[in-house]
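Inside the fold
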Amino acid sequence: MSERYDTLAAQLHERFGEQIRRVPSTCGELTYELDKDDLIEVATALRNEGAFGFEMLMDVCGVDYLNYGSDEWTTNTATDTGFSRGVERQPVILDEADEFEPNRFAVVYHLLSLQHNFRMRLRVFTGTSNPPIIKSVVDIWNGANWFEREAFDLFGILFDGHPDLRRILTDYGFIGHPFRKDFPLMGNVEVSYDADEGRVVYKPVSIEPRTLVPRVIRDDNRYEADLKDVTDG
Amino acid sequence: MAEIQSYTMNFGPQHPAAHGVLRLVLEIEGETIQKADPHVGLLHRATEKLAESKPFNQSIGYMDRLDYVSMMCNEHAYVMAIEKLLGVQVPERAQYIRVMFDEITRILNHLMWLGAHGLDIGAMTMFLYCFREREDLMDSYEAVSGTRMHATYYRPGGVYRDLPDVMPKYQESKFRNKNELDRMNSIREGSLLDFIDAFCDRFPGCVDEYETLLTDNRIWKQRTVNIGVVSPDRAMQLGFSGPMLRGSGVEWDLRKKQPYDVYDRIDFDIPVGVNGDCYDRYLVRVEEMRQSNRIIKQCIAWLRENPGPVIAEDHKVTPPSRVEMKDDMESLIHHFKLFTEGYCVPEGEAYAAVEHPKGEFGIYILSDGANKPYRLKIRAPGFAHLSAMSEMVEGHMLADVVAVIGTQDIVFGEVDR
């Protein structure tokens, strides 16, 4: 399996050169990052050229990298200062910013080639624009239609050239993009039936956010690449 | 006479044939569908976001609730993705147990599909027959995990516990007399494997019964042949997988092409359709039930011969046994850490896909090294299938919409997530 993937990686490098950059993987999967301007060109080639033949797009996934790599509970200095039960929350960053960090939003495409039995992954960062915008791949893989609607609904990523970019999973009239990391887990509004008014009303949420298990990142040298090589060799 | 205008009709979400909470906005001319616009999301629970807020193991139970008629297959994809990132080796016996329960799940799912699909287009008896067999499989679920549906049985590194040596029996009550009780308990005398074995001997006969009712039935064929035809090229273009892809004649099954666990050591065939219509997909799924039965048989034979551990011994990921905890300090620490903080998964990303009864069910985990996933994405097969609804029903009659919903095997737990 891995030999075949090495061949594929070599072919991809030969065909696209600097357009795509390989991301190292710990579990033998092929991941490439590319600029959003190259997306359509690369995707079309991956689908149509016989050597690649990725005729299926299995998944389109939005990712918000806002809190990537940050923990809620310091683990290395904790014994010096005593354990704090209270978890410090990440400050909320409002969406009104004119520009995002260039690596905040990404769209991840999972491709599958039935004829060659290959899988690969493409990751495209949307850059600094607010709202984030990227070219749609619906014309290349028609199955992308709902997956892109989902990424738009949950992350607010716009897909240029999408035929019907509407919300799909959230309620009619929903405000905000719930899977962004600055959107609180319990949401912003709650609904209840108001007997006096005789209709369903929206109010700000009344429950307090709480964290049962803090998010921690521990240095675990079992997973360090150079150490792994020593034990394997 | 006035000219007939096209009009818009609402279908669902409260409709018995909507298989849950599907709302379809149909543009109809006379009785012919011009366009169908499915409105989904009424069952959206933000499973992915919830999973980002809790340690990895606490989300296994959420996976059951995605596609709530094929519970263990969902869990399988999730634990496989975590295992891939952690690099945990799963004991062979656990792999066989998982394969056996995946196939039990496939039969459970296909029985549910066949019963509901039959009921939708006028074959009432199917529903009763299918649920009769489902009951036995639910009992297997219960015997192994304690629950009939939402098992939470798979763990990263194996399964929660070994197969039980005794089957739970029905108790005497004022509603059951002695004879009835003896009859119901007669198949429950042995172990779980004996119970499943007896089911496997009986089941091909049951499938024959279903086929006598449907396969050559004139009404069934009128309702399914040439309905919802999808060409192989369109099926690939639209991201179809599973029986929807195989029904169109594309020979693709992850169990064969990208085998996981012990599927590469098991002998089974992949049924493929020809015309890509509802009838071919029916035939594919019925044959899949027979093949699943074959796989379960082989697993039972292996499991009887080979006792052994069912979960990895790596106590950074899997809990130590109660006995070890009593006299080993380190085991106690492992147990405490695992059940409070969980385990940290190394930074990286993994996509694990299984051949779920409905198609390719994939879990994409993006980890930043924390004890919770940074991003979890569930690739639900039904989501891709439902997006092709409009294309599949265009030009058909209103009643055929129900046949197409049935053939897509839609379950809203996974579509809406």
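For the structure itself, look to the data block above.
Now for the sheet that holds strand β4 (residues 105-113) of chain A. All names here are of chain A. Strand order across the open sheet formed by 5 strands is β1-β2-β5-β4-β3, with mixed pairing between neighbours. Of all the strands in the sheet, just β1 (20-23) and β3 (56-64) have a single pairing partner and so form its edges. Along the sheet, successive strands turn relative to each other by an average axial angle of 25°, direction set aside. In the sheet, β4 pairs with strand β5 (residues 118-125) via 8 bridges, with the strands oriented antiparallel. Paired with Val108 across the two strands is Arg123, which belongs to β5. Against the sheet, helix α1 (residues 2-16) contacts β1, β2 (31-34) and β5, and its axis sits at roughly 45° relative to β5. Contacts between helix α4 (residues 144-155) and the sheet are confined to β3 and β4, with β3 contributing the most and set at about 5° to the helix.

All names here are of chain A. Evaluated as defined, the whole model comprises 22 aromatic pairs over all chains. Both rings, one in Tyr5 and one in Phe118, keep their centres 5.4 Å apart while their planes meet at 65°; by these two values the pair is edge-to-face. On the criterion of sequence distance, the pair formed by Tyr5 in helix α1 and Phe118 in strand β5 is long-range, its members being 113 residues apart. According to the relative accessible area criterion, Tyr5 is buried, its value standing at 10%. Looking at Phe118, the relative accessible area reads 8%, which means it is buried. Relative to Phe183, the ring of Phe174 has its centre 6.1 Å away and its plane inclined at 35°; by these criteria the two rings are tilted. According to the relative accessible area criterion, Phe174 is partly exposed, its value standing at 26%.

Moving on, we come to the pairing of β2 of chain A. Residues and elements named next belong to chain A. Bridge count between β1 and β2: 4 bridges; the pairing is antiparallel. Pairing of Ile20 across the sheet is with Leu34, part of β2. Here 4 bridges tie β2 to β5, and the two strands are oriented parallel to one another. In the strand pairing of β5, Leu34 is matched with Val124.

Each value, and the rule that gives it
Residues numbered from 1 in each chain as written. Chains lettered and ligands numbered in written order. Predicted model: local features only at pLDDT ≥ 70, side-chain atom pairs only at ≥ 80, totals over all residues. Heavy atoms only, no water. Pairing = 2+ DSSP bridges. Helix = DSSP H or I, 4+ residues; strand = E, 2+ residues; numbered from the N terminus. Axes fitted to C-alpha atoms, helices over the stretch in contact; angles between N-to-C directions. Contact = heavy atoms within 4.5 Å. Phe/Tyr/Trp six-rings, centres within 6.5 Å; stacked < 30°, edge-to-face > 60°. Buried < 20%, exposed > 50% of the residue type's maximum accessible area, 1.4 Å probe, protein only.

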